[in-house]
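What the coordinates show
Here's the letter readout for the chains.
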2 protein chains.
Amino acid sequence: MTNTTEGQHIASAFDRDLEQVTALIVKMGGLVEVAILDGAKSLETRDLELAEQVREADKRIDTLEEQINDVATTIIARRAPVATDLRIILSVLRISSNLERVGDYAKNMAKRTSVLAEMPRMNGSEAGLRRMAKEVQEMLKDVLDAFIRRDVQLAEDVRSRDLDVDQMYNALFREFLTFMMEDPRNITACMHLHFIAKNVERMGDHVTNIAEQVIYLVTGEHPEEGRPKGDRTPFVTEEGV
Amino acid sequence: MTNTTEGQHIASAFDRDLEQVTALIVKMGGLVEVAILDGAKSLETRDLELAEQVREADKRIDTLEEQINDVATTIIARRAPVATDLRIILSVLRISSNLERVGDYAKNMAKRTSVLAEMPRMNGSEAGLRRMAKEVQEMLKDVLDAFIRRDVQLAEDVRSRDLDVDQMYNALFREFLTFMMEDPRNITACMHLHFIAKNVERMGDHVTNIAEQVIYLVTGEHPEEGRPKGDRTPFVTEEGV
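Figured I'd write up the structure that's included with this text.

Analysis parameters
Residues numbered from 1 in each chain as written. Chains lettered and ligands numbered in written order. Predicted model: local features only at pLDDT ≥ 70, side-chain atom pairs only at ≥ 80, totals over all residues. Heavy atoms only, no water. Helix = DSSP H or I, 4+ residues; strand = E, 2+ residues; numbered from the N terminus. Buried < 20%, exposed > 50% of the residue type's maximum accessible area, 1.4 Å probe, protein only. Contact = heavy atoms within 4.5 Å. Areas by Shrake-Rupley, 256 points an atom, 1.4 Å probe, with all protein chains shown as cover. Axes fitted to C-alpha atoms, helices over the stretch in contact; angles between N-to-C directions. Parallel < 35°, antiparallel > 145°, perpendicular 65-115°, else oblique. Left-handed = near helix turned anticlockwise from the far one by under 90°. Nonpolar A, V, L, I, M, F, W, Y, C, P; charged D, E, K, R; others polar. Expected span 1.5 Å × (residues − 1). Least-squares fit on C-alpha atoms with pLDDT ≥ 70 in both. Salt bridge = Lys/Arg side-chain N within 4 Å of Asp/Glu carboxyl O. Polar contact = N/O pair within 3.5 Å; in protein donor to acceptor, adjacent residues only side chain to side chain. Phe/Tyr/Trp six-rings, centres within 6.5 Å; stacked < 30°, edge-to-face > 60°. Core = buried A, V, L, I, M, F, W, Y, C linked by side-chain atoms within 4.5 Å.

Structural notes on the overall build of chain A
Looking only at helices and strands, chain A features seven helices and zero strands. Taken over 241 residues, chain A has a buried fraction of 56%. Counting contacts in chain A only where the partners sit at least 6 residues apart, residues at least 24 apart contribute 86% of the total. Summed over its atoms, the accessible surface of chain A is roughly 10200 Å², and 49% of this surface lies on carbon and sulfur atoms.

Things to note about the packing of helix α5 (residues 125-149) of chain B against helix α6 (residues 152-182) of chain B
Residues and elements named next belong to chain B. Their axes nearest at 10 Å, the elements α5 and α6 cross at an angle of 165°. Considering the angle they form, α5 stands roughly antiparallel to α6. Relative to α6, α5 is oriented so that their crossing is left-handed. Residues belonging to the contact of α5 with α6 are distributed by class as follows: 15 nonpolar, two polar and ten charged.

Some points on the packing of α5(B) against helix α7 (residues 187-219) of chain B
All names here are of chain B. Following both chains from N to C, one finds α5 and α7 inclined at 15°, their axes separated by 10 Å at the closest point. On the basis of the axis angle, α5 is roughly parallel to α7. Crossing angle aside, the handedness with which α5 passes α7 is left-handed. Split by residue class, the contact of α5 with α7 holds 19 nonpolar, three polar and two charged.

Structural notes on helix α3 (residues 83-111) of chain B
In this model, α3(B) (29 residues) spans 43 Å end to end at C-alpha, consistent with the 42 Å of a helix rising 1.5 Å per residue. Most of α3(B) is tucked away, with 23 of its 29 residues classed as buried.

Notes on the relation of the copies chain A and chain B
When chain A is fitted to chain B, the residual RMSD is 0.0 Å, and the transformation amounts to a turn of 180° plus an axial shift of 0.0 Å. Here the transformation between the copies is reduced to the relation of a two-fold axis. Among all residues of chain A, the one whose C-alpha sits closest to the rotation axis is A:A80, at a distance of 2.6 Å. Counting the interface residues of chain A, we find that 100% of their copies in chain B are interface residues as well, pointing to one common contact surface.

Some thoughts on the interface of chain A and chain B
Contact with chain A, which involves 47 residues of that partner, is made by 47 residues of chain B. The tally of links between chain A and chain B comes to zero salt bridges. Taken together, the connections running from chain A to chain B amount to two residue pairs in polar contact (both at pLDDT 80 or more). Put simply, the parts of the chain that give the side of chain A that touches chain B at least two residues each are α2 (48-79), α3 (83-111), α6 (152-182) and α7 (187-219) of chain A. When grouped by side-chain class, the residues that make up the side of chain A that touches chain B number 23 nonpolar, twelve polar and twelve charged.

Side note on the packing of aromatic side chains
The tally for this structure, following the rule as stated, stands at three aromatic pairs over all chains. Aromatic side chains A:F195 and B:F195 sit 6.3 Å apart centroid to centroid with 75° between the ring planes, which places their arrangement in the edge-to-face category. In this pair, A:F195 is assigned in helix α7 and B:F195 in helix α7, connecting two distinct chains. Per residue, the accessibility class of A:F195 equals that of B:F195, and both read buried. Geometrically, the ring pair formed by B:Y169 and B:F173 is tilted, given 6.2 Å between the ring centres and 40° between the ring planes. A residue pair is termed a helical-turn pair when its members lie 3 or 4 positions apart in one helix, as B:Y169 and B:F173 do in helix α6 at four residues. Judged by its relative accessible area of 1%, B:F173 is buried.

Some details on the environment of B:T188
Here B:T188 is to be found in helix α7. Counting along the chain gives 72 residues from B:T188 to B:L116, while the straight-line C-alpha distance between them is 9.2 Å.

Digging into helix α5 (residues 125-149) of chain A
The end-to-end C-alpha separation of α5(A) is 36 Å, in line with the 36 Å expected for 25 residues at 1.5 Å each. Looking at the residues trailing α5(A), positive phi occurs at A:R150, about 50°.

Description of the pattern of salt bridges
Residues and elements named next belong to chain B. All chains considered together, the criterion is met by 28 salt bridges over all chains. In this structure, D104 and K107 form a salt bridge, with 3.6 Å as the shortest nitrogen-oxygen distance. With a gap of three residues between them, D104 and K107 both fall in helix α3, about one helical turn apart. Look at D104 and you get buried, because its relative accessible area is 7%. The exposure class of K107 is buried, given its relative accessible area of 16%.

Re unusual backbone geometry
Residues and elements named next belong to chain A. For A83, which is not glycine, the phi torsion reads 45° and is therefore positive. With respect to the helices, strands and loops of the structure, A83 is situated in helix α3. The phi angle at R150 is positive, at roughly 50°, despite the residue not being glycine. R150 gets classed as partly exposed once you look at its relative accessible area, which sits at 29%.

Thoughts on the nonpolar core
Among the nonpolar cores identified, the biggest contains 148 residues, and A:L140 and B:L140 are the most heavily contacted of them. If near-sequence neighbours (up to four positions away) are discounted, B:L140 is found in contact with B:G29, B:V32, B:E33, B:I36, B:L99, B:V207 and B:I210.

Shown next as structure tokens:
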């Protein structure tokens, strides 16, 4: 039934399809990177116009996710991929879903700009959040490179950098607790900032998920457990603050 | 190439595969339902042993997700489904991924039991959290029924009930703000409880995602936008409390 020539023909048709969907992932990833940086910047500079741009950009991100879903589904239906090819195309679906979530968190960060603009500034916390967001954006940039180049080493590197993001989050969490205890008038602003910090930390988790998808699609093995995942608020007691 | 008999043969082989993977989804969903209820109960009754059971159960939930991924991938590779069949099998992957997230949030709720057990009780908030968790568990039960029976009406119903969960969350958020402002010694406990409340609200979002998958797999149309999604902490200012 299948001879080499036909096998190669099918493979290269799949490769062309894959290039198309990879280009969409790259485009989507680029928009998400900008959203992370602009979301954090709008918060720090209290720039309501920039915040509105981030919210608008999220619609384009959502549309790209739908487009990627459609293209990937069509590829599966048309090419009936198996083995590695199927693994790649299913990974593409998971990557776009993680990108969408990161974009959503960036939008939510921007949405809080208008509320926080009315509240007292928390000494440097906004700059701390921006540094944390910058770290996540760089991880995202690298994990997309790792995806394109099928670079397991780089994906592992991104995965390990998530610990830095967690540490930045823990430092901010302690800072917010201190501000709230110092002055009850800081409580509402700190609740919002804490939420944003947690959302940036979750962005890092989603980027790490993408890194694990890259490792899986290249090696066929899920990276071993051991990465702390999910909700990792430090269990600070009042005595510990 | 294909005659009716062969077409029917392929369809029924796919149907048998689908039954197998549906049974796994039902099993996984059942474990997640128990995790939601037990997580909230362990928190309210400060039952550390029950909390530990929830953490253990999460491993079984994660294993089931992997199993579902493997079976679904094998079905795609072996049956090369197209059109509705492909849509169903891709929906299964998304449903299991959402179930895994809900299980993760339940585990995180249980994990906080030991920390909160050392802190002052917040007048009735734990009971409020349990009611919220119960609502989400019932939504999950119904959405799994909707999935099995391909019941769009029930899925729409679940989708609309997410608003109740959001309202319960908003009420708790205001309660926590008040407790924190009344007494700074409540701040740490309220930060944890607030997190749990937000996580239960996110569980509701994931159940709603599943409802939307059910609607999509039956109708082939994504339900229209209009559901508020993602991060919806009420933008309460201090004046508003």
